[in-house]
Amino acid sequence: MKVEDKVMDLAKRRGFIWGPSPNIYQGGLKGFYDWGPLGKLLKNKVENVLRKGFSGFSFWEVECPTIMPKEVWQASGHLEGFSDPVSKCLGCKSYFRVDNTINEKFPDLDVEGLNNEKLKEILDKKKIKCPSCKGELGTVESFDLMMKTKIGIDQEAYLRPETATTTYLLYPEYYRFFRTKLPFGVFQIGKAYRNEISPRQGVFRTREFTQAEAQLFILKDQEKKFEKINDYAEEILPLVKHNSKAIKKVKLKDVVKQKYMKKEAYSYMVYVAYKLIRDMGFDEKKIRIRQHTPEKLAHYADDAWDIEVNTDRYGWFELCGVHDRTDYDLKRHSKYSKTKMEVAGEVPRILEIAFGLERTTYSLLENSLVNDKERDWLEFDKGMAPIDVAIFPLMKKEGMPELAKEIFAELDNEFICNYDDSGSIGKRYRRMDEIGTSFCITVDHDSVKEGDVTLREISTMTQVRVKKTELKEIIRDLLYGDLTFEKIK
Ligand SMILES: [Zn+2]
């Protein structure tokens with residue numbers, strides 16, 4: 001089995017990812033997935049890294065509605081320019097997204113930004129047929145990705161295709177909240193919706209998804225020199241310029257000096273995004289930061305770099321985009337809403353970090369799969385496993401379950417814990433190893449008499465005896481501090 005198939009097999013079998021959803025009705029809808037109990041725990045951990053991380057870099061969290069009236073999307077530009085090229089098969093009448101259909105056959109052909117006529121020419125020239133029935137593909141048309149709905153009886157509205165726009169709209173409130181001092185940062189974690197045509201990349205491209213997007217509102221003069229980078233000056237970024245394939249390791253303090261990026265504030269945002277991906281425990285060698293080509297930049301954008309992770313399933317894949325959006329957004333919303341947003345004659349600019357949570361969680365799952373000849377299991381970075389601690393009574397008698405339950409209750413208010421008393425102890429260890437549970441605690445005869453338990457670490461499979469009264473502190477230090485298993489022994 002290929003690595004990516006092993007991951008999906010384990011994900012389905014052990015309750016990480018289920019779907020398409022709702023599965024019991026005709027096998028579900030394309031582009032919708034369920035996160036099972038373990039998947040949800042893992043996704044929460046990813047979300048927590050971002051929430052804690054953004055807060056640590058002084059961004060403040062907000063939450064906005066997911067539905068907004070039509071006017072908002074006219075102002076944002078989504079209603080006129082947010083569409084994909086599609087073609088209908090003249091045989092089976094299915095619709096296909098044309099750029100993807102071309103790239104499935106010819107991965108090296110760069111079709112991004114081409115107009116519908118040009119795309120149709122390529123379909124004809126390369127003799128590309130319907131991927132399901134080999135029928136002839138019809139004309140290429142633009143298909144709007146916005147999900148439409150109604151408010152009340154007749155007010156047109158749309159589900160947001162990104163969290164970002166809804167975050168921008170609070171600018172006048174932020175300005176007061178931050179006591180009229182720029183720059184300031186906010187972030188939002190929440191659902192967004194895109195009516196993708198025939199999504200075929202599993203949880204990497206879904207019609208409903210979770211985003212974590214952070215914005216720095218800043219003035220033109222503040223962007224060039226940005227003091228905060230001095231705190232991280234020696235940190236190294238693996239950069240790939242748009243006209244190159246090689247990764248260059250560049251210190252943050254040199255990124256602007258060596259002309260990779262134009263503004264220190266923007267390089268800081270790229271560093272923040274990269275740091276958070278590292279904090280999740282991705283293998284350093286599998287991360288790169290790649291610049292968009294100038295042709296692919298939105299007309300208003302000044303620069304854009306993606307944090308990409310090398311996946312077995314799709315190769316290098318974007319988990320996060322960092323965008324220099326200039327003053328485009330606030331200018332548009334100021335004009336359309338007739339709200340003044342100028343500070344000393346200038347509309348503030350937005351530097352933005354945009355994470356996709358589902359693709360990040362899946363990639364982390366893939367990144368964490370390890371195997372030997374006999375079996376596959378998951379191994380996460382410290383504190384990132386869905387379950388932190390599993391607690392087992394060796395036998396269901398002689399006071400062992402009572403003591404194990406007592407320990408479970410004590411630890412469960414601080415860590416994600418699981419109590420398991422079914423099957424042999426070996427089987428219970430294997431079940432927990434497979435899903436990457438960081439530590440297992442076994443309560444045996446001696447535990448009842450002496451008050452100590454066996455603590456086992458998944459990555460090394462080593463065991464130590466620990467006083468039950470010291471468990472909480474030891475586990476806390478193992479998960480979040482500098483303590484290692486070696487030191488306990
Ligand atoms: Zn067809």
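In what follows, the accompanying structure is described.

Cut-offs applied
- Residues numbered from 1 in each chain as written.
- Predicted model: local features only at pLDDT ≥ 70, side-chain atom pairs only at ≥ 80, totals over all residues.
- Heavy atoms only, no water.
- Helix = DSSP H or I, 4+ residues; strand = E, 2+ residues; numbered from the N terminus.
- Rg over C-alpha atoms; globule rule 2.2 N^0.38 Å.
- Buried < 20%, exposed > 50% of the residue type's maximum accessible area, 1.4 Å probe, protein only.
- Contact = heavy atoms within 4.5 Å.
- Areas by Shrake-Rupley, 256 points an atom, 1.4 Å probe, with all protein chains shown as cover.
- Lys, Arg positive; Asp, Glu negative; His and termini not counted.
- Charge placed at Lys NZ, Arg CZ, Asp CG, Glu CD.
- Disulfide = S-S within 2.5 Å.
- Pairing = 2+ DSSP bridges.
- Axes fitted to C-alpha atoms, helices over the stretch in contact; angles between N-to-C directions.
- Patch = residues over 30% accessible without salt bridge, like charges linked within 9 Å, V, L, I, M, F, W, Y side chains within 5 Å.
- Salt bridge = Lys/Arg side-chain N within 4 Å of Asp/Glu carboxyl O.
- Parallel < 35°, antiparallel > 145°, perpendicular 65-115°, else oblique.
- Left-handed = near helix turned anticlockwise from the far one by under 90°.
- Nonpolar A, V, L, I, M, F, W, Y, C, P; charged D, E, K, R; others polar.
- Donors = N, O, S within 2.8 Å, 3.2 Å for Na, K, Ca; no water.
- Tetrahedral: all angles 85-135°; square planar, octahedral: opposite > 155°, others 65-115°.

**What about the overall build of the protein chain?**
Now for step 1: Assigned secondary structure in the protein chain consists of 17 helices and 24 strands.
Now for step 2: Its C-alpha radius of gyration of 25 Å places the protein chain within 12% of the 23 Å reference for a compact globule of 489 residues.
Now for step 3: Taken along the three principal axes of its C-alpha coordinates, the protein chain extends 75 × 60 × 55 Å.
Now for step 4: Every one of the 489 residues in the protein chain was classed for burial, and the buried ones make up 51%.
Now for step 5: Of all intrachain contacts in the protein chain linking residues separated by at least 6 positions in sequence, the fraction that spans at least 24 positions is 64%.
Now for step 6: Summed over its atoms, the accessible surface of the protein chain is roughly 24,200 Å², and 49% of this surface lies on carbon and sulfur atoms.
Now for step 7: Put simply, the protein chain has 83 plus and 80 minus side-chain charges, and the middle of one group is 3 Å from the middle of the other.

**Overview of the state of the cysteines**
Now for step 1: This model, assessed by the stated rule, comprises zero disulfides.
Now for step 2: We note that C320 lacks a disulfide partner, and the nearest cysteine sulfur, in C64, lies 19 Å from it.

**Points about the sheet that holds strand β9 (residues 155–159)**
Now for step 1: The three strands are arranged β4-β9-β8 in an open sheet whose pairing can be described as antiparallel. Looking along the sheet, the strands with just one partner apiece sit at the ends: β4 (67–69) and β8 (147–151). If you compare each strand with its neighbour and ignore which way they point, the axes differ by 40 degrees on average.
Now for step 2: As paired elements, β8 and β9 share five bridges and run antiparallel to each other. The residue bridging K150 from the neighbouring strand is E156, located in β9.

**Here's the deal with a negative patch on the surface**
Now for step 1: Residues E470, E473, D477 and D482 make up a contiguous surface patch of negative charge.
Now for step 2: When you line up the elements, E473 lands in helix α16 (residues 471–480).
Now for step 3: By relative accessible area, E473 is classed as exposed at 52%.

**Observations regarding the packing of helix α2 (residues 37–56) against helix α12 (residues 357–367)**
Now for step 1: One way to put it is that α2 packs onto α12 with a least axis distance of 10 Å and a crossing angle of 110 degrees. Accordingly, the angle class assigned to the pair α2 and α12 is roughly perpendicular. The two elements α2 and α12 meet at a crossing, and its hand is right-handed. Contact residues: G39, L42, K43, V46, E47 and L50 in α2; L357, E358, T360, T361, L364 and L365 in α12.
Now for step 2: Of the residues contributing to the contact of α2 with α12, the split by class is six nonpolar, three polar and three charged.

**Focus on the coordination of the zinc ion**
Reference geometry at the metal: tetrahedral coordination by four donors gives ideal angles of 109.5 degrees; octahedral coordination by six donors gives 90 or 180 degrees.
Now for step 1: Taken together, C89 (SG), C92 (SG), C130 (SG) and C133 (SG) make up the full set of protein donors to the zinc ion, lying 2.3 Å away.
Now for step 2: Each of the four donor atoms around the zinc ion contributes to a set of angles spanning 101 to 115 degrees, which defines the coordination as tetrahedral.
Now for step 3: Read in sequence order, the donor residues coordinating the zinc ion give the pattern C-x2-C-x37-C-x2-C.
Now for step 4: According to the relative accessible area criterion, C130 is buried, its value standing at 0%.

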